[in-house]
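# Understanding the architecture of this molecule
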Amino acid sequence: MSAPQQKPVVTEREARQVAEAAREQDWRKPSFAKELFLGRFRLDLIHPHPMPPDEDAQRGEEFLAKLRDFCESKVDGALIEREAQIPDEVIAGLKELGALGMKIDTKYGGLGLTQVYYNKALALAGSASPAIGVLLSAHQSIGVPQPLKLFGTQEQKDTFLPRCARTDISAFLLTEPDVGSDPARLATSAVPDGDDYVLDGVKLWTTNGVVADLLVVMARVPKSEGHKGGITAFVVESNSPGVTVENRNAFMGLRGIENGVTRFHQVRVPAANRIGPEGAGLKIALTTLNTGRLSLPASCVAAGKWCLKIAREWSAAREQWGKPIADHEAVGAKISFIAATTFALEAVLDLSSQMADENRNDIRIEGALAKLFSSEMAWLMADELVQIRGGRGFETAASLAARGERAVPAEQVLRDLRINRIFEGSTEIMHLLIAREAVDAHLSVAGDLIDPEKSLSDKAKAGAQAGAFYAKWLPKLVAGQGQLPYSYNEFKREVDLSVHLRYVERTARKLARSTFYAMSRWQGRMETKQGFLGRIVDIGAELFAMSAVCVRAELLRTTEGHGREAYQLADAFCRQSRIRVEELFGRLWTNTDDLDRKVVKGVMSGTYEWLEEGIVDPSGEGPWIADATPGASEKENVHRPIR
């Protein structure tokens, strides 16, 4: 039987230990981004740009042609936005097309697309309706197919993957009303009972949960005789007795997504449905997200391409003071930013995806950087498009159409993109996650030095190891190829990109020196310097993007007819990026971080409460966080399977 559920009480240190235990500890494969943060510019890991095998490309292109025809003829994005729901017939059509099984191997009835073509398909579908892109990516990137592909037994794959490939929609359930990025406090329980586990708890923001047939659920197994316990992953049939979808959530954007609140009460799940061993749930989730996060950059690329198209067409048609607005420098700078950044986002996505397909490199940092960088930059591009469109950018597409103008949903794209800075790890959490991986080499050799619980003998041993490591590493940060005028000359054409690669090499060493200096200065307090760590990561993201655009430009020069133009876009992006990098370096040491902490203490203590006077608060009554006490549901089940 299910035991009474108690909300775990977790200290800050315990929470960090849980997160640390879920990390992949080893680096068995090279990582371009990891090396970059260590001051080593390993261009050989990404250049020449990896390419998909011809048969994979042919299969992918054939599916993209079918998907494009379906999106153009069967998908009405305005209808989905207006009715806040994808029509059942559209979902049925996607199933018939095989879109649910894009990433599933052909032997299970899937299409067996590569990560590259899966992302191209998501971008295409998402451009027709972002809600469709979310439906497909939540199902395949983090839903049942991906964790089973990586960690499932053969029996589980044989049982569930054919269903996921053609008929069954899946969802991933981790977040709870009082648990977000701190999984150590996870409260949903899975109590062993014979050959089953009994689930109790409530999950929030279950994307696809309203229409899902299969669920990946993270729950805490209590430690007992014969059971290691810990956070564990399960495949759960959504029509199991005791599963109730209590609410279909509504949001400022992505109005067609089927996102809900799901309650589990005495839900029996066969032990055969457990994915991996007990206690491996978080590691499974994080490993799944290493490539799963690339679905968000795909939607950002699609948005960037659309923003560029609308900016170009509108800026040619709209005149101010006797000439098209594109000819005015203030508007032209925005168009240049959108064009260059779109090129960069596609370069980062395609490079990361192809590296994932090759499986030659460890891309856990690259995937995270792609998600972080793309979500932030896409939001800025959409905001700039709204500004270029002026009042029409703020007006809805339906209103524009009603008064006889082209129905351009610029404000909708801005709303739809906003969640990407929160989905699958907020920007703030991504900063911390990437920073932890970026300083892994330092902590591996010197971590015991700053651990207050380590003994003096442990610290002495760590000191010796650290001394040996830094004696070899630090001298290599003094000079490098970035200081040689003819380095990377294969990137010197009519437009010279070699100067940017030399800049990346020099700046990577500077970034590593800055990180080392910060660790020396703050030691154990380094982890509290989130502003500093965020800027370090943002610099690394810019350097990764600059590397990707140069490599992509050279690829296009040798394989397609857009080489000259690609070099121009890469040059523009790198010059814009370098300005951002220099600003970030300046803010590493000249900032208001300490002052900000003092102001926050004043705000939270009520010192500045007088500043809030003179308004009325339109918020409704109710608790900040809904009660998630386990028990039988008292609400109507709004689960809506699509058959």
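This is a predicted model, so every value here is computed, not measured.

## Some details on the side chain of Thr507
- Checked against the element boundaries, Thr507 lands in helix 20 (residues 498-522).
- In terms of polar contacts, Thr507 uses its side chain to reach the backbone carbonyl oxygen of Tyr503, at 2.6 Å.
- In this view, Thr507 contacts Leu543, Val581 and Phe585; residues no more than four positions away in its chain are not counted.

## Examining the state of the cysteines
- Evaluation of the coordinates by the stated rule reveals zero disulfides.
- Cys71 takes part in no disulfide bond, and the closest cysteine sulfur to it belongs to Cys300, at a distance of 18 Å.
- Sulfur of Cys574: no disulfide; nearest cysteine sulfur belongs to Cys550 and is 3.9 Å away.

## With respect to the environment of Ala190
- Residue placement: Ala190 occurs in strand 2 (residues 189-193).
- What makes Ala190 buried here is its relative accessible area of 0%.
- A sequence separation of 44 residues divides Ala190 from Gln146, and the C-alpha atoms of the two residues are 22 Å apart.
- If near-sequence neighbours (up to four positions away) are discounted, Ala190 is found in contact with Tyr197, Val198, Leu199, Ala219, Arg220, Val221, Pro222 and Phe234.

## Quick look at the environment of Asp496
- Positionally, Asp496 belongs in the loop between helix 19 (456-473) and helix 20.
- Residues Asp496 and Gln568 lie 72 residues apart in sequence; the distance between their C-alpha atoms is 9.1 Å.
- A distance of 2.5 Å separates polar atoms of two side chains, one belonging to Asp496 and the other to Ser498.

## A closer look at the packing of helix 6 (residues 115-128) against helix 11 (residues 295-317)
- Across the interface, helix 6 lies against helix 11 with an axial gap of 8 Å and an inter-helix angle of 50°. Viewed along their axes, helix 6 and helix 11 adopt a mutual orientation that is oblique. Relative to helix 11, helix 6 is oriented so that their crossing is right-handed. Side by side, helix 6 and helix 11 meet where Asn119, Leu122, Ala123 and Ser127 of the first sit next to Ser295, Ala298 and Ala302 of the second.

## Comments concerning the nonpolar core
- Core analysis: the biggest nonpolar cluster contains 133 residues, and Leu94, Met102, Ile132, Leu136, Leu369, Leu543 and Val549 have the highest contact counts within it.
- In this structure Leu543 touches Leu36, Tyr503, Val504, Thr507, Ala508 and Leu511, once residues within four positions along its chain are discounted.
- Grouped together as the second largest cluster of nonpolar side chains are 24 residues, Cys164, Leu186, Ala280 and Leu282 included.

Calculation criteria
- All residue numbers refer to position in the chain's written sequence, counted from 1.
- Given that this is a predicted model, residues contribute local features only at a pLDDT of at least 70 and side-chain atom pairs are listed and counted only at 80 or more, while totals for whole chains, interfaces and linings are drawn from all residues.
- As a rule here, side-chain values cover all heavy atoms of the structure and leave hydrogens and water aside.
- What counts as a helix is a DSSP run of H or I of at least four residues, what counts as a strand is a run of E of at least two, and both are numbered from the N terminus.
- Polar contact is the term for a pair of N or O atoms within 3.5 Å; when the atoms are in protein, one must be able to donate a hydrogen and the other to accept it, and sequence-neighboring residues count only if both atoms are side-chain atoms.
- Throughout, a contact is declared for two residues whenever any of their heavy atoms are within 4.5 Å.
- Criterion for a disulfide: a pair of cysteine sulfur atoms at a distance within 2.5 Å.
- Relative accessible area decides the class of each residue, using a 1.4 Å probe on protein chains only: under 20% of the type maximum gives buried, over 50% gives exposed, and in between gives partly exposed.
- Axes here refer to lines fitted to C-alpha atoms; in helices the fit is confined to the stretch in contact. Angles between the N-to-C directions go from 0 to 180 degrees.
- Between 65 and 115 degrees an angle is taken as roughly perpendicular, under 35 as roughly parallel, over 145 as roughly antiparallel, and anywhere else as oblique.
- Whether a crossing is left-handed or right-handed is set by the direction in which the near helix is turned from the far one by less than a right angle, anticlockwise for left-handed and clockwise for right-handed.
- Only buried Ala, Val, Leu, Ile, Met, Phe, Trp, Tyr and Cys residues count toward a nonpolar core, and they belong to the same one when joined by side-chain atoms within 4.5 Å.

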